[in-house]
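Working through the structure, step by step
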Amino acid sequence: MPKIRISEGNVKDDILVVGLSRKSAKDSLVIESGDVAVDVKKFQRILEDLGATGKTEEVIKIPGSTSGLVVFTGLGEFGNQYTNEVLRRAAGSAARELVGHTAATFSLPNADESAVHAIAEGAGLGAYTFDEFRGNTKSERKAPLKNITVISKKYTKSGGALIAQRAQIIVDYTYLVRDLINTPPSHLTPVTIVNAIQNAVKKSGATGIRISVLNEGQLKSKGFGGITAVGQGSKNPPRLLNITYSPDKSKLKKSSIKTYAFVGKGITFDTGGLALKPALGMEAMKSDMSGAAAVCAATIAIALLKLPIEINTYAPLAENMVSENATRPSDIITMYGGKTVEVLNPDAEGRLVLGDALVKAQENKKLDAIIDVATLTGAQVVALGTRTSAVMTNNEVLRNSFLKVAEASGEAFWPMPLPVELRASLDSPVADLANIGERMGGMLVAGLFLKEFVADDLPWLHLDIAGPAFNESKPHGYTPVGGTGISLRSLVGLAESAAQ
Ligand code: BES
Ligand code: ZN
Ligand code: ZN
């Protein structure tokens, strides 16, 4: 994990990263080097000769005179103020291109503190690599940046350390999410994910966190029929992980604080069960625990930020496998809380484990809101593509405040409806509910299924991150191939806004 700092100046690193944009009307390149002066004339000339465009995702390295390399990262169209997401991505693209180097200084336009934070975050997130499972080829791999310095004259004294600290936490715990997603199911099972989270909590040094776990025997005897049914086909037994964070109340100024529950889908591998998925693309289903990884890592991040809010997090963990013990289409299960579900399709397993966990989380009567995060439906990817996640809700006020923090964090979420007329398609002739309904609008139907497990008067958000959780194409901006860590930044942002 790279170390992030904010500094007033004095570039000591060999590498200086600056911005490059283009004035479309005049078609001239503009060097945006923030608070550091560079030889504009000289570099402009070289850049023109090299055919630089200043477009986003373009990264050009040129030998410098005072520093070893000057790296120009595209900001797109020239503007007096670049959005934070443009800065975040530009810093990320440059950091990605700097594998093999130890340290780099980033000097980009920083109009306010949030821009400085975005640059630090983008650089940190872009510096990610995952080489843990390389054997003989490990030594050939270049290591990512170890030290990231962001230059800001104005904002170093006024809170530079705090900016660096928050960016560091976001980066570190996004790495945790990505590492967990990228770890294959041969090495990541419900049991090992619990161990990994326990170790991460210990290592974090965060205070106020408690962890408890239910094993397969306890899940069965306590009536967690959804988690049990999904996990029973695998020799790797299911778990229900619970993490609670309570801030140190003796240090709080406020008398009343909010309590939020997070619930994350934790299918360590989704074969589809007896509704076996086609082999082509099945490997991506190692990412079906992205929701669980995000809510757990976000909880640790919130604890490290010492936010004045209580968080109660549940990760239902199971492996959806094929075997003689696997749940059959037509099996009827009894969910935690008593609802019966006819399992028509064992590949619609996420809603089964989430239903149990949602009901369990609501035993805490102090909840002010509940948020579930899941790689729930292929229909999400069809509807919104691989870079935009969906948010469904029973409470528009909560959704609007969520969309605001998501936007600020640079995570794309789009509101989706829960049309009542689709609900009847989940009726079963033999049980309280069927686990699949109308195929068209499958993302919304899945949301309506979950809604059955949430009290009407409890503000609830359902985040379907099926597409954005796992990048199967090329790296871009601060996003690597593989696990992305999507939703962590929005969850932390939501907790911050709720804690205000
Ligand atoms: N884990 C999948 C959803 C998914 C698909 C996530 C693609 C990421 C990328 C989920 O468990 C699933 O298989 N859903 C089914 C539901 C259907 C049977 C109603 C789907 O979307 O096809
Ligand atoms: Zn499935
Ligand atoms: Zn799944």
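Conventions and cut-offs
- Per chain, residue numbering runs from 1 following the sequence as it is written.
- All chains are assigned letters beginning at A, and all ligands numbers beginning at 1, according to the order in which they are written.
- Only residues with pLDDT of 70 or above have their local features reported here, since the model is predicted, and side-chain atom pairs are shown and tallied only from 80 upward, although totals for entire chains, interfaces and linings are computed over all residues.
- Side-chain descriptors were evaluated using all non-hydrogen atoms of the structure, hydrogens and water having been removed beforehand.
- Numbered from the N terminus, helices here are DSSP runs of H or I no shorter than four residues, and strands are runs of E no shorter than two.
- Based on C-alpha atoms, the radius of gyration is set beside the globule rule, defined as 2.2 Å times the residue count to the power 0.38.
- Three exposure classes are used, based on accessible area relative to the maximum for each residue type with a 1.4 Å probe and protein chains only: buried under 20%, partly exposed in between, and exposed over 50%.
- Here, proximity means that at least one heavy atom of the residue falls within 4 Å of the molecule or strand.
- A 3.5 Å cut-off defines polar contacts: any pair of N or O atoms within that distance qualifies, except that in protein one atom must be a possible hydrogen donor and the other a possible acceptor, and neighbouring residues in sequence count only when both atoms are side-chain atoms.
- Only the protein chains shown count as cover for residues, and all accessible areas are computed by the Shrake-Rupley method using a 1.4 Å probe.
- Each residue is assigned to one class: nonpolar for Ala, Val, Leu, Ile, Met, Phe, Trp, Tyr, Cys and Pro, charged for Asp, Glu, Lys and Arg, and polar for all the others, Gly among them.
- What counts as an axis is a line fitted to C-alpha atoms, over the stretch in contact for a helix, and the angles between N-to-C directions run from 0 to 180 degrees.
- By definition in this entry, angles of less than 35 degrees are roughly parallel, angles greater than 145 are roughly antiparallel, angles of 65 to 115 are roughly perpendicular, and the rest are oblique.
- Throughout, a crossing is termed right-handed when the near helix is turned clockwise from the far one, and left-handed when it is turned anticlockwise from it by less than a right angle.
- Any pair of residues with heavy atoms lying within 4.5 Å of one another is described as a contacting pair.
- Water is not part of the atom set, so a site may look incomplete; the donors themselves are N, O and S atoms within 2.8 Å of the metal, or 3.2 Å for Na, K and Ca.
- A four-donor site is called tetrahedral if each angle lies between 85 and 135 degrees; a four-donor site is square planar, and a six-donor site octahedral, when trans pairs exceed 155 degrees and the remaining angles lie between 65 and 115; all other cases are labelled irregular.
- UniProt positions are given in the numbering used here, feature names are shortened, and annotations may be inferred rather than shown by experiment.
- For two strands to count as paired, DSSP must find a minimum of two bridges between them.
- Here a cavity denotes grid points, spaced 1 Å and computed from the protein atoms alone, that fit a 1.4 Å probe unable to get out, and a pocket denotes an open set having protein on both sides within 12 Å along at least 5 of 7 lines; residues with an atom within 4 Å of a point are the lining.
- Grid points are joined across faces, edges and corners, and a volume is the space filled by probe spheres set on the points.
- What we call a nonpolar core is a set of buried Ala, Val, Leu, Ile, Met, Phe, Trp, Tyr and Cys residues that are connected through their side-chain atoms within 4.5 Å.
- Domain start and stop positions are those given by an automatic or database domain assignment.
- Buried area: the accessible area, evaluated with a 1.4 Å probe, that two parts lose upon being put together, summed over both parts.
- Each salt bridge in this description consists of a side-chain nitrogen of Lys or Arg and a carboxyl oxygen of Asp or Glu lying within 4 Å of one another.
- Expected span of a helix: the number of residues minus one, times 1.5 Å.
- What the arc describes is the spread of directions from the helix axis to the C-beta atoms.

A few words now on the overall build of the protein chain. Within the protein chain, the secondary structure is distributed over 13 helices and 21 strands. In terms of overall size, the protein chain behaves like a compact globule, its C-alpha atoms giving a radius of gyration of 24 Å where 500 residues would be expected to give roughly 23 Å. The principal-axis extents of the C-alpha atoms in the protein chain amount to approximately 75 × 55 × 45 Å. When the 500 residues of the protein chain are sorted by exposure, 57% land in the buried category.

What follows covers the site of ligand 1. Around ligand 1 there are 15 residues in total, and Asp-270, Lys-277, Asp-347, Glu-349 and Gly-378 lie nearest to it. In this structure, an oxygen atom belonging to ligand 1 sits 3.2 Å away from a side-chain N or O atom of Lys-265. Contacts to ligand 1 include Lys-277, whose side-chain N or O atom sits 2.7 Å from an oxygen atom. When the free accessible area of ligand 1 is taken as 520 Å², the share hidden by the protein chains comes to 75%. When its residues are assigned to classes, the shell around ligand 1 shows four nonpolar, four polar and seven charged.

As a further point, take the packing of helix α4 (residues 160-182) against helix α8 (residues 290-304). One way to put it is that α4 packs onto α8 with a least axis distance of 9 Å and a crossing angle of 155°. On the basis of the axis angle, α4 is roughly antiparallel to α8. Seen along the crossing, α4 lies across α8 with a hand that is right-handed. Facing α4, whose interface residues are Gln-165, Ile-169, Tyr-173, Leu-176, Val-177, Leu-180 and Ile-181, α8 presents Ser-290, Ala-293, Ala-294, Ala-297, Ile-300, Ala-301 and Leu-304. Counted by class, the contact of α4 with α8 contains twelve nonpolar, two polar and no charged residues.

At this site the zinc ion (ligand 2) is bound by Asp-270 (OD), Asp-347 (O), Asp-347 (OD) and Glu-349 (OE), with donor distances of 2.0 to 2.2 Å. Positions of the donor residues of the zinc ion (ligand 2), expressed as sequence spacing, correspond to D-x76-D-x1-E. Taken as a pair, the zinc ion (ligand 2) and the zinc ion (ligand 3) lie 3.2 Å from each other and share Asp-270 as a ligand.

A few words now on the coordination of the zinc ion (ligand 3). Reference values for coordination geometry: four tetrahedral donors around a metal ideally subtend 109.5 degrees, six octahedral donors ideally subtend 90 or 180 degrees. For the zinc ion (ligand 3), every protein donor is listed as Lys-265 (NZ), Asp-270 (OD), Asp-288 (OD) and Glu-349 (OE), and the spread of their distances is 2.0 to 2.4 Å. Taken together, the six donor atoms coordinating the zinc ion (ligand 3) span angles of 77 to 172° at the metal, a pattern that classifies the geometry as octahedral. Donor residues for the zinc ion (ligand 3) sit on one chain with the sequence pattern K-x4-D-x17-D-x60-E. Given the relative accessible area of 0%, Glu-349 is considered buried.

Further remarks concern the UniProt feature "domain: Cytosol aminopeptidase" (unreviewed entry) in the protein chain. The sites that UniProt annotates as "domain: Cytosol aminopeptidase" (unreviewed entry) are residues 176-492. Annotated as 31% helix and 21% strand, the span residues 176-492 places its first and last C-alpha atoms 15 Å apart.

Backbone-to-backbone hydrogen bonds join strands into a sheet, with any given pair of strands oriented parallel or antiparallel. A sheet is described by the order of its strands in space; here three strands give the open sequence β13-β14-β18, paired in mixed fashion. Both outer strands of the open sheet, β13 (331-334) and β18 (433-434), are each paired with one neighbouring strand and no more. Pairing of β13 with strand β14 (residues 340-343), which is carried by four bridges, proceeds in the antiparallel orientation. Residue pairing for β14: Thr-334 is matched across the bridge by Thr-340.

On to the environment of Asp-456. Position of Asp-456 among the secondary structure elements: in the loop between α12 (442-451) and β19 (460-464). Asp-456 sits 43 residues away from Phe-413 along the chain, and the two C-alpha atoms are 23 Å apart. Residue contacts for Asp-456: discarding those within four places in its chain leaves Asn-394 and Lys-451.

For the second largest pocket, the calculated volume is near 890 Å³. Lining the second largest pocket are 33 residues, with Met-1, Tyr-175, Leu-176, Asp-179 and Lys-203 sitting closest to its centre. Per element, the largest residue contribution to the lining of the second largest pocket is seven residues, and it comes from α4.

What follows is about the nonpolar core. Soluble globular proteins tend to pack their nonpolar side chains together in the buried interior. Tyr-260, Phe-262, Ile-302, Ile-309, Ile-371 and Leu-463 are the most contacted members of the largest nonpolar core, which has 60 residues in total. Here this core gets ten residues from one element, more than from any other, and that element is α8. Among the nonpolar cores identified, the runner-up in size contains 46 residues, and Val-263, Met-335, Val-353 and Ala-446 belong to it.

Attention now moves to the side chain of Asn-182. One can find Asn-182 in helix α4. A distance of 3.1 Å separates polar atoms of two side chains, one belonging to Asn-182 and the other to Tyr-128. Not counting residues within four places of it along the chain, the set of residues in contact with Asn-182 comprises Tyr-128, Phe-130, Lys-286, Phe-470, Gly-482 and Gly-483.

For the rest of this paragraph, the subject is the domain arrangement of the protein chain. Structurally, the protein chain comprises domain 1 (3-168) and domain 2 (188-499). The gap between the C-alpha centroids of domain 1 and domain 2 is 35 Å. Listed by partner, the interface residues are 14 residues for domain 1 and 15 residues for domain 2. For the pair domain 1 and domain 2, the summed buried surface comes to about 1,000 Å²; carbon and sulfur atoms form 53% of the total. Ranking the residues of domain 1 by area buried against domain 2 places Arg-88, Arg-96 and Arg-166 at the top, with a combined share of 43%. On the surface where domain 1 and domain 2 come into contact, there are two salt bridges. Across the pair Arg-489 and Glu-121 runs a salt bridge whose closest N-O atoms are separated by 3.8 Å.

Quick look at empty space enclosed by the protein now. Throughout the structure, instances matching the rule amount to one cavity of 30 Å³ or more. In this structure, the largest cavity encloses a volume near 70 Å³. The residue makeup of the lining of the largest cavity, split by class, is seven nonpolar, four polar and one charged.

The end-to-end C-alpha separation of helix α11 (residues 396-409) is 20 Å, in line with the 20 Å expected for 14 residues at 1.5 Å each. Listed as buried for α11 are Leu-398, Arg-399, Phe-402, Val-405, Ala-406 and Ser-409. The buried residues of α11 all sit within an arc of 130° when viewed along its axis, so they share a single face. More than 90 degrees from the buried face of α11, the exposed residues found are Glu-396, Val-397, Lys-404, Glu-407 and Ala-408. Residue Asn-395 occupies the N-cap position of α11, its side-chain oxygen lying 3.1 Å from the main-chain nitrogen of Val-397. Where α11 terminates, the next one or two residues include Gly-410, which has phi positive at roughly 85°.

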